[in-house]
Amino acid sequence: MFQFILEKLRHLWFIYADIACGSYPLATIDTINEDGTTDTTSAIYLVVNGETEEHLELLEGFVVDLLNKKWNSYIRLKFYFEMLFFTIYFGLSIAVLIMKRLYFDYLNTEANCTDVTANYTILSERCKCAYLEATDSNRFIRLTIEIILLIYSILYLVKFCYELYIQKIHLYTQTLLFNPSKVIFILSLISYLLIVPLRFTCNHVGEDYLVVISIIFKSGYILYLGRGFRVITTFVYIIHRVIKTNFFRFVIIFIVFVIGFSQAFYVIYEFGQSSQIGLYDSPLEAIFDLFTMSLRDLGSAYVNLLSSDYNVIGRFFFLLLSIVVTLLLFNLLVAMMTHTYNLTTELKREWLRQIFSYLVGKTGFDNRAKR
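Quantities reported herein were computed from a predicted structural model and do not represent experimental measurements. (Residues numbered from 1 in each chain as written. Predicted model: local features only at pLDDT ≥ 70, side-chain atom pairs only at ≥ 80, totals over all residues. Heavy atoms only, no water.)

Some points on the side chain of Glu207
Put simply, the test is: In this text, helices come from DSSP runs of H or I with a minimum length of four residues, and strands from runs of E with a minimum of two, each type numbered from the N-terminal end. Residues are treated as being in contact if the distance between any of their heavy atoms lies within 4.5 Å.
Considering the arrangement of structural elements, one finds Glu207 in helix H8 (residues 204-219). For Glu207, the contacting residues outside a window of four places in its chain are Lys100, Tyr131, Ile195, Leu198 and Arg199.

Considerations on the state of the cysteines
What counts, and what does not: Cysteine sulfur atoms that pair up within 2.5 Å are treated as a disulfide. Relative accessibility under 20% of the residue-type maximum defines a buried residue, over 50% an exposed one, and the middle range a partly exposed one, all with a 1.4 Å probe and only protein chains included.
This structure, assessed with the given rule, holds two disulfides. Bridging Cys113 to Cys127, the disulfide has an S-S length of 2.4 Å. Because the torsion about its S-S bond is -55°, the bridge between Cys113 and Cys127 counts as left-handed. Here Cys113, found in the loop between helix H4 (62-109) and strand S3 (114-116), pairs with Cys127, found in the loop between strand S4 (121-123) and helix H5 (139-178); they are 14 residues apart in sequence, far enough to count as distant. There is no split in this pair, since Cys113 and Cys127 are both buried. What pairs with Cys129 in a disulfide is Cys202, and their sulfur atoms sit 1.9 Å apart. Between Cys129 and Cys202, the disulfide has an S-S torsion of 105° and is therefore right-handed. Placement of the pair is Cys129 in the loop between S4 and H5 and Cys202 in the loop between helix H7 (195-200) and H8, with a sequence separation of 73 residues. With respect to class, Cys129 is no different from Cys202; both count as buried. For the chain, numbering the cysteines in disulfides from first to last along the sequence yields the connectivity 1-2, 3-4.

With respect to the pattern of salt bridges
What counts is decided by this rule: Throughout this description, the term salt bridge denotes a Lys or Arg side-chain nitrogen within 4 Å of a carboxyl oxygen of Asp or Glu.
The full count for this structure, using the stated rule, is seven salt bridges. The salt bridge partner of Glu146 is Arg199, with a shortest N-O separation of 3.2 Å. Pair noted here: Glu146 is in helix H5 and Arg199 is in helix H7, with a separation of 53 residues, a long-range link. For Glu146, a relative accessible area of 11% corresponds to the buried category. Note on Arg199: relative accessible area 14%, which makes it buried. Glu207 serves as the salt-bridge partner of Arg199, at 2.6 Å between the closest nitrogen and oxygen. Classification of Glu207 as buried rests on a relative accessible area of 1%. One salt-bridge network, held together by shared partners, links Lys100, Glu146, Arg199 and Glu207.

Notes on the pairing of strand S2 (residues 19-23)
As a reminder, the rule being used: Between any two strands, at least two bridges found by DSSP are needed for them to pair.
Across five bridges, the pairing between strand S1 (residues 11-16) and S2 is antiparallel. The residue of S2 that forms the bridge with Leu12 is Gly22.

A closer look at H8
Going by this rule: Expected helix span is taken as 1.5 Å per residue step, with the number of steps being one fewer than the number of residues. Directions from the helix axis toward the C-beta atoms define the arc.
Taking 1.5 Å per residue, 16 residues should reach 22 Å; H8 reaches 23 Å between its end C-alpha atoms and fits that length. Of the residues making up H8, those classed as buried are His204, Gly206, Glu207, Leu210, Val211, Ser214, Ile215 and Lys218. Viewed along the axis of H8, the buried residues span an arc of 160°, placing them on a single side of the element.

With respect to the packing of helix H6 (residues 180-193) against H8
What counts is decided by this rule: The axes are straight lines fitted to the C-alpha atoms, using for helices just the contacting stretch, and the angles between their N-to-C directions are given from 0 to 180°. Oblique is the label for every angle not falling under 35 degrees (roughly parallel), over 145 degrees (roughly antiparallel), or within 65 to 115 degrees (roughly perpendicular). What makes a crossing left-handed is the near helix being turned counterclockwise from the far one by less than a right angle; a clockwise turn instead makes it right-handed.
Following both chains from N to C, one finds H6 and H8 inclined at 155°, their axes separated by 8 Å at the closest point. What the angle tells us is that H6 and H8 run roughly antiparallel. In the crossing of H6 with H8, the sense of the turn from one axis to the other is left-handed. Contact residues: H6 offers Ile184, Phe185, Leu187, Ser188, Ser191 and Tyr192, while H8 offers Leu210, Ile213, Ser214, Phe217 and Lys218.

Considering the side chain of Lys182
Structurally, Lys182 is set in helix H6. If sequence neighbours within four positions are ignored, Lys182 has contacts with Phe160, Glu163, Tyr172, Leu176, Tyr221 and Tyr224.

Overview of the pairing of S1
Burial analysis of S1 places just zero of its six residues in the buried class, a small minority of the element. The hairpin turn running from S1 into S2, its antiparallel successor, is two residues long, and Ala17 in that turn takes a positive phi close to 60°.

Quick notes on a nonpolar patch on the surface
Stated precisely, the cut-off is as follows: Within the patch definition used here, like charges are joined within 9 Å and nonpolar side chains (Val, Leu, Ile, Met, Phe, Trp, Tyr) within 5 Å, considering only residues with over 30% relative accessible area and no salt bridge. Using a 1.4 Å probe, the Shrake-Rupley method yields the accessible areas, and only the shown protein chains count as cover for residues.
On the surface, a nonpolar cluster with roughly 550 Å² of combined accessible area is contributed by Val267, Phe271, Tyr310, Ile313, Phe316 and Leu320. Only helix H10 (230-271) and helix H13 (311-345) provide two or more residues apiece to the nonpolar patch. Ranked by residues supplied to the nonpolar patch, first place goes to H13 with three residues. For Phe316, the location among the structural elements is in helix H13.

What to know about the nonpolar core
Basically, it comes down to this: In these notes, a set of buried Ala, Val, Leu, Ile, Met, Phe, Trp, Tyr and Cys residues joined through side-chain atoms within 4.5 Å is what counts as a nonpolar core.
Phe86, Tyr89, Tyr156, Phe160, Phe185, Leu189 and Tyr221 are the most contacted members of the largest nonpolar core, which totals 28 residues. Looking at this core, the elements with two or more residues in it are H4, H5, H6, H7, H8 and helix H9 (221-225). The contacts of Phe86, once residues within four sequence positions are left out, are Tyr156, Phe185, Lys218, Tyr221, Ile222 and Leu225. Core analysis: the next-biggest nonpolar cluster, separate from the first, contains 21 residues, Phe265, Tyr266, Tyr280 and Val325 among them.

Okay, structure coming up:
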């Protein structure tokens, strides 16, 4: 029906033998209005941002030709430049992370500025400004790269703020909802900028936390840029879909079982006077203790369970926990992810939708900016 409507809208200029020359009106079809704004009710916008298989069937003929023309005209070069820009930025971020680790080793071995605890090594109180007043030989190189990364982060945020100004908050919010990896990247930029006040206030613990959060969130932007490559664009969509559907459902089911079993083990360990020390001390701590216990070896937890006065009922709950959580739920998650993968790989045009979704957002922003 969609192709039939397009053919009815086509204006035929001439026909010579088997050759026909015609034109299509771009109004209500293309995503760009006459004033340069993005038309969210246009045919291409609805097709590209649709999430059903029926929307994929509309990606053919004139629609694909129009989008390919846009991609080859000017979006492709801008995409490759953005990819190169991010690659340099991400590479410098990893380099700074490695150099900070080497500097911490220097403080630990040569400057004697660390305190060793039972589980970790931290900077001593007298050296809490060690990041601000660096003394190693690589401090100038590290500081230069950190300043470059700071400028990179500011430029990225300025760019995103300009997109927000051009597209307006409603349309820009819709764009972010379709691209959660871009939201995570914006959070990483904000996290990196927050390192500056922590550096000058000698809050080395908070700075380390923000560095870790920033580098993890930056890596998520690869999923956003990966849609421009046909080889990996389908897998990027699978990751987004798994996180949005399968993983979210699994977390809800998992939390329900963890809360129930944790309170049962709290009673067994606490009121049964188990020899286990430091675990299940309160109903709230029991939730986190059971979660960590389900991710590691259960043997030690079972041994301590035997010393409880409620070891008989404890064994039953322990067996039930092993079957339901460790075996059933995690295998259910794998099965759901496998099902999502099989469904997605059967969609032959999904890679087109992912590439064109990036293209639609860029074309609307560029045309409005030019005006």
